[in-house]
Amino acid sequence: MSGRTLYDKLWDEHAVQTAEDGTTLLYIDCQLVHEVTSPQAFEGLRLAGRAPWRPDSIVAVADHNVPTEPDLEEIPDAVSRHQVETLDANCAEYGLLEFPMGDPRQGIVHVIGPEQGITLPGMTVVCGDSHTSTHGALATLAFGIGTSQVEHVLATQCLPVRKPSNMLVRLEGRTAPGVGSKDLALALIGSIGTAGGTGCAIEFAGQAVEEMSMEARMTLCNMAIEAGARSGLVAVDDVTLGYVRGRTYAPEGSAWEEAERRWRELRSDDDAVFERAVVLQAGELAPQVTWGTSPEMVVSVDSAVPRPDEAEDLARAGGMKAALDYMGLKGGETVTDIELDRIFIGSCTNARIEDLREAAAVVRGRHCADNILQALVVPGSGRVKAQAESEGLDRIFTEAGFEWREPGCSMCLAMNADRLEPGERCAATSNRNFEGRQGEGGRTHLVSPAMAAAAACAGHFVDVREYLA
Amino acid sequence: MTPFVRHRGVVAPLDRSNIDTDVIIPKQYLKSVKRTGFGPNLFDSWRYLAPGDLESDHARRPRNPDFVLNRPRYQEASILVTGANFGCGSSREHAVWAFLDAGFRAVIAPSFADIFDTNAAKNGLLTVQLSEAAVRTLLEETEQTEGYQLDIDLPEQTMTADSGACWSFDIDSQRKRCLVEGLDDIALTLRHANRIREFEAARRAQAPWLFDRFGSP
């Protein structure tokens, strides 16, 4: 019998039972809850006369709707406020731990999970949010679910699911300075497509991954869903354990010793079989910039926007043409000639302290270009914000003309007041460049924090490697 | 959940790949705490000429005459045929609720994104996966024949056109059963409550640090 992958091991450990037809009842160790995808689940629970199976396994936080302007006492938008208050009321009714607005622990759900030690290696973690794949960076089986499944986990602590297949992505070599895990993720999606990982759990491995910090691994796993994979994973190593140790909800003392012993086994066996494998040479990559309305529409910063007439087939050419029309671009345009209106540094992809340090290192001694209407820096959590302020990063940003905001999802999906106006063009460190994602008619280019910072200073895209030279 | 056994309805074509859930239902409607009322906002940014929100009177918003679903012949459509990787992106189940609220019962595509596909099954919206070639044929037939209808028979796993053309499709057996019988799958899981409790007790013994972590005791 061949060995097992990391994903196999996590799956087997949480399988309550598997039916003859292959449906597994999977035990869920922790559910993270936010205000947008939970109200209908709590209502469903109440209507059926049920209650949460294990309230001690749930953490709630409001992030999607919260305003990020400083010093707000309450949410000005009444509809958003009602949704956040509904979460507060549900948490109070069922005795759930919530980090409410204004709490220093509040932040984007996928930032606070690892940060607080809520997410631990070897767990199953679900959340009604597709970017739950982020938590797989800690060798956690984590995936996004819909509201019906949120209710299912609340009611039963389990999900009936079919096991996805195993996919291995090896990122070989060492990335150049100025090229980060966001660039690797975008290049991978450009290579395999946004459906390239559908039906799979992706394990990331290889030298570039081994040398990454935990936060860089989170960025990589966060973007696994943009490749269609519900889960991303990285094996446990000293970096993982070093990150988890001492966090608020991590075990201590003898429990830590026992946990560490078990977590050390969370890696794929040498003879494990993956149904699919992809190799990417990380050392050869340049910083990436998306040009279209799907994350797979991406090129290197030192190249040009592709031409539809050079597409492989008619269907693809049609998709490219529609995307270029929406984006207000022409095939053949040089990427570094594209001028920006707004800059967004934030989101569950890139709003951790290392992301802000990376952006600040580029901004230091520079200023936003005159054509930039707004450059936002939105820390991923209250804790990230406090850490950045203790390092003086907030002053670097504000002195350069950036706005320094309160934590939240913000302009990644524009459910709060932070949004693009129709036709405006934004360099964003978030994860989706879909039509209207950052505001109806808005045009999004996905980049790394360093690239967004450089674009803010230049007013157009630049190869950040020139700034760092 | 409303059971899905057989359904006959008008087919509408939306010839585009990688349609994401942000396009199916834009973010401003996600502020609702209800499951209903999203029908007028299905493909909102394509359907209307200007943005709206939860408080808009959608009946009065000017419609985009170029958007295929606004054409009179598709007003009664209940089956959508569309491109690959349908429903990618955000996990928002509102996308499925919008389809149902707009009167759709089935979506046919070469492939679906995982989360959308799961959400659809939980709500009685049938997703039918067909080959690229079969979807291309359906897109063309729908365009060419006004009032083009399909008869979907889930127990038989077939779709039949008035011309007699017939396609069979695959579906997960458990999903089929839940759809046909309109089952509450939470109740199905709770039948195994004792087994879950046993598993939980063993897990607590193995990994006690994962228990009694959060919330009020």
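Residues numbered from 1 in each chain as written. Chains lettered and ligands numbered in written order. Predicted model: local features only at pLDDT ≥ 70, side-chain atom pairs only at ≥ 80, totals over all residues. Heavy atoms only, no water.

## Focus: empty space enclosed by the protein
In this structure the tally under the stated criterion is two cavities of 30 Å³ or more. Lining of the largest cavity is provided by 24 residues; of these, H64(A), D129(A), H131(A), L413(A) and R437(A) occupy positions nearest its centre. Here the residues of the lining of the largest cavity are counted per class, giving eight nonpolar, 11 polar and five charged. In this model, the second largest cavity occupies a volume close to 120 Å³. Along the walls of the second largest cavity sit 15 residues, with I225(A), G228(A), C88(B), G89(B) and A113(B) positioned nearest its centre. (1 Å grid on protein atoms, 1.4 Å probe; cavity = no way out; pocket = protein on both sides within 12 Å on 5 of 7 lines; lining within 4 Å. Points joined across faces, edges and corners; volume = space filled by probe spheres on them. Nonpolar A, V, L, I, M, F, W, Y, C, P; charged D, E, K, R; others polar.)

## Remarks on the packing of helix 12 (residues 353-363) of chain A against helix 13 (residues 382-390) of chain A
All names here are of chain A. Packing of helix 12 against helix 13 brings their axes to within 9 Å, and their N-to-C directions diverge by 40 degrees. It follows from the interaxial angle that helix 12 and helix 13 lie oblique. The element helix 12 and its partner helix 13 pack so that their crossing is right-handed. For the pair helix 12 and helix 13, contact is made by I353, L356 and R357 and by V384, Q387 and A388, respectively. For the contact of helix 12 with helix 13, the residue count by class is four nonpolar, one polar and one charged. (Axes fitted to C-alpha atoms, helices over the stretch in contact; angles between N-to-C directions. Helix = DSSP H or I, 4+ residues; strand = E, 2+ residues; numbered from the N terminus. Parallel < 35°, antiparallel > 145°, perpendicular 65-115°, else oblique. Left-handed = near helix turned anticlockwise from the far one by under 90°. Contact = heavy atoms within 4.5 Å.)

## So, the packing of aromatic side chains
With the rule as written, the count across this model stands at 18 aromatic pairs over all chains. Between Y249(A) and F214(B) the ring centres are 5.1 Å apart and the planes differ by 75 degrees, which places this aromatic pair in the edge-to-face class. Pair noted here: Y249(A) is in the loop between helix 9 (238-244) and helix 10 (253-263) and F214(B) is in the segment after helix 8 (193-206), and the two residues belong to different chains. Judged by centre distance (5.4 Å) and plane angle (70 degrees), the rings of F397(A) and F402(A) are edge-to-face. Per residue, the accessibility class of F397(A) equals that of F402(A), and both read buried. (Phe/Tyr/Trp six-rings, centres within 6.5 Å; stacked < 30°, edge-to-face > 60°. Buried < 20%, exposed > 50% of the residue type's maximum accessible area, 1.4 Å probe, protein only.)

## What about the sheet that holds strand 6 (residues 124-127) of chain A?
Residues and elements named next belong to chain A. The sheet built from five strands is open, its strands ordered 5-4-3-6-7 with parallel pairing. The strands lining the two open edges of the sheet, one partner per strand, are strand 5 (97-99) and strand 7 (141-144). The average undirected angle you get between the axes of adjacent strands in this sheet is 20 degrees. Bridge count for strand 3 (residues 30-33) against strand 6 is three bridges, and the pairing is parallel. When the bridges of strand 6 are listed, C30 appears paired with V125. (Pairing = 2+ DSSP bridges.)

## Focus on the interface of chain B and chain A
Contact residues are listed per partner, giving 61 residues for chain B and 82 residues for chain A. When chain B packs against chain A, close to 5,800 Å² is buried across both sides, 54% of that on carbon and sulfur atoms. Along the contact surface separating chain B from chain A lie eight salt bridges. Residues D184(B) and R50(A) are paired through a salt bridge, measuring 3.0 Å at the closest nitrogen-oxygen approach. (Buried area = accessible area lost by both parts, 1.4 Å probe. Salt bridge = Lys/Arg side-chain N within 4 Å of Asp/Glu carboxyl O.)

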